Structure formats: structure tokens, C-alpha cells
Amino acid sequence: MPVTVVAAKPPAQEVHPEKYRFIDIAVNLTDPIFRGWHHGKRKHDDDLEAMLERSRAAGVKSMIITGGSLHESKEALELAKQLGFYATVGCHPTRSKQFDQFRGGPEKYLEELDKLIAANLTGKGRVVAVGECGLDYDRTHFASEDVQRRHFRSQLALAKKYHLPLFLHSRAAHKDFVQILREEGFDKDGGRAAGGNGGVVHSFTGTAEEAAELMDIGFHIGVNGCSLKTAENLATTKSIRPDKLMLETDAPWCSMTSTHASKAHLSSLPPALNSLYFPPATKPESFVYGRPVKGRNEPGAIGGVAWVVHKLHEGVPFEQITEKAWKNTVEAFGLTELQ
């Protein structure tokens, strides 16, 4: 009599949501979208607190709020102090014309950034990195390559002066980006011999070779939804050395969607985690307080980013991925109170 052999299902991975903890290194918490404003129009009530509550439920223990200009850095520090988080101080490459347009000129703008850093180096809500700074050659209509390069260099001087890590941005500019870092003393060990203190190239979308060069000179690589869009992105993310990995969302940007290569890996996310990292969302015009807003990324989704990284490293437990990223972040930014 023939015997039918049915292959056993592989045992489901045990998950313990309370064991997975995260520090989101890149949150644009100053964006008005978290207060209900979408593209200059009020679409719903301010739901920042509800969003933070969801993030806490998803295991997000802390965040680094991104400062993308002098004004935004002041706002980021204020929020960080209110909420017990951390902030960066700097000027994004696409806004680097602000240096030249500032009353008193670029030297005065840099001086104001300098004073902001000096006044917020310790305690709750402190500045933990200089940035977001770097180069973005995809968006030179906002600031020319020359303007971006000039003001990238000046901010590197602040990192060296205060021995702070860098919070870096690089788009379609790797050759110039690395050349400037090398010329300014960040050619090895994150620039420590020149007064630097390493840092992270956040929202990384470059090649595996570019990631390797950045890691070789002492920088971490930040991974979010934008880092996981294509098969090439996934291969690059898989190549990141465990001691150089950081996790982020870049909320409200860089959501993971059904068209991204990450989707195949997210489909295996256990329901107990899926409900925390990706709770059901509503459109802004159908807003329900306490529920996420469609199209607006949230820090709670960092668990989904971590899950994709976990699936790219077959056999490595999820908790090992989350804890390594946690340890890297605490050490790199000096977040001693989170140890």
C-alpha cells in the first residue's frame, strides 16, 4: 500500500515582542505631518502623542530627532528635551544655500550652529551628532554641488571641534563625499586622530562597494525602508558588517510598500509583531485618533526594517540583529543612560 509522506511544516519562530528594543536613529519629528498638517493643509488633529504611544508599544525606547537646518535643529532640541530623546544639529545638503542667504553670511550661520551645539552637549535632550550634513547630487536644483561641498566641509569642522559623531547624507555623490571626508581627516577610524568621532551614513541607498569603503574608514551604515527597495539594495544591506549596522525609519519618509523588494521578507513577519510594527492605518481624510495615517511612516515600523535584515541573514536570530544594532547605536552616540 503506497504511503503518502507529507512534509512537516518548519516550526514557527517563537517571538517575544517585549524582548526586541530599538533606538530609531533618524526621525523627522519636527515635520508638521505629525501635527496633522499635510503639504501645508490641516488634514486631521495633532496625533504626535498617539504616534509615540504606538512606537513605545513596538519597542522603540528612544529616538534621535534629525536637525536639517539651523531653525529645525533648534526645534529638534526642544522636542528632544520635552520627550527625553536626542537630537542632531546641522544643515542638510539640499538646504545648504541657507548658509549664504543668512544675515551675516555663512560664517555667522556656522557660528549659530556652533553655539547651539555648545549649549546642548549634556543631559536630557542633548545633541549627539553633527548633521544631517553631506552631499546630494540628485537634488542640485536646491543647492549646487559647489555650495554643498563648501558647507559640508565647514560642518565637519564642528564635529572635530566637539568630538561629536557625524550624521551623514550621501546621494549620487559617493566619490566627492568620501574624498572630502578623507581630506578633512576622516580617512580612518572615523576621523578620531583628527578630533572626529565616527558617525553614520544614514538612509543608505548606495552599492555594497560604497558601503564597504565607508565602513573601512570607520563609519556605520543606517538602514531604513528606502535601503530595502530593490534586490540590489537588499544585497548591499546583507553586506553590512554586524558591528556597523544601525536601524532607522526616517519617518515620516521611507515607508516600506508592497512594491519594494522587502515585501517578500515582510510577508513572514509573525502576526504578533506585524500588529505592533504595522498597525492598520487610515487615510488622512478618514482620520481616527489612535490609528496610523496612510502614507506617513512611523518609528514603530523600525521593527519591520529589523525583520528584513534578520531574514537576509539566515540562521541569525531576530533578537541578535536588534541587540547588535542597539549596542552599536548606544556606543557610537554615547547614549550611556540606555546601557
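Residues numbered from 1 in each chain as written. Predicted model: local features only at pLDDT ≥ 70, side-chain atom pairs only at ≥ 80, totals over all residues. Heavy atoms only, no water.

### A few points about the overall build of the protein chain
Each helix and strand in the protein chain was counted, giving 12 helices and 10 strands. Structurally, the protein chain occupies a C-alpha span of about 90 × 45 × 40 Å along its principal axes. The proportion of buried residues among the 339 residues of the protein chain is 55%. Long-range pairs, those at least 24 residues apart, make up 72% of the contacts in the protein chain between residues at least 6 apart in sequence. Accessible surface, the protein chain: about 15,100 Å² in total, of which carbon and sulfur atoms supply 53%. (Helix = DSSP H or I, 4+ residues; strand = E, 2+ residues; numbered from the N terminus. Buried < 20%, exposed > 50% of the residue type's maximum accessible area, 1.4 Å probe, protein only. Contact = heavy atoms within 4.5 Å. Areas by Shrake-Rupley, 256 points an atom, 1.4 Å probe, with all protein chains shown as cover.)

### Considering helix 8 (residues 231-238)
All of the buried residues along helix 8 are Asn233, Leu234, Thr236 and Thr237. Projected onto a plane normal to the axis of helix 8, the buried residues spread over an arc of 160° and lie on a single side. In this structure, the buried residues of helix 8 make contact with helix 7 (208-216), strand 9 (220-223), helix 9 (263-266) and helix 11 (302-312). (Arc of directions from axis to C-beta.)

### Things to note about the nonpolar core
Note on soluble globular proteins: their nonpolar side chains tend to be buried together. If you look at the biggest cluster of nonpolar residues, it comprises 77 residues, and the most contacted ones within it are Leu29, Leu166 and Leu181. Considering each element in turn, this core owes the most residues, 7 residues, to helix 11. Ile25, Ile64, Ala129 and Trp326 belong to the second-largest nonpolar core, a separate cluster that totals 16 residues. (Core = buried A, V, L, I, M, F, W, Y, C linked by side-chain atoms within 4.5 Å.)

### Digging into unusual backbone geometry
With omega at 20°, the peptide bond leading from Gly131 into Glu132 counts as cis. By the element assignment, Glu132 lies in strand 6 (residues 127-136). Here Ala251 and Pro252 are connected by a cis peptide whose omega angle stands at 10°. You can see Pro252 is positioned in the loop between strand 10 (245-247) and helix 9. Of note, the phi angle at His39 is positive, near 50°, even though the residue is not glycine. Among the structural elements, His39 can be located in the loop between strand 2 (37-38) and strand 3 (41-42). Residue His39 is classed as exposed on the basis of its relative accessible area, which comes to 83%. Phi at Ser203 takes a positive value of approximately 50°, unusual for a residue other than glycine. Here Ser203 lies in the loop between strand 8 (199-201) and helix 7.

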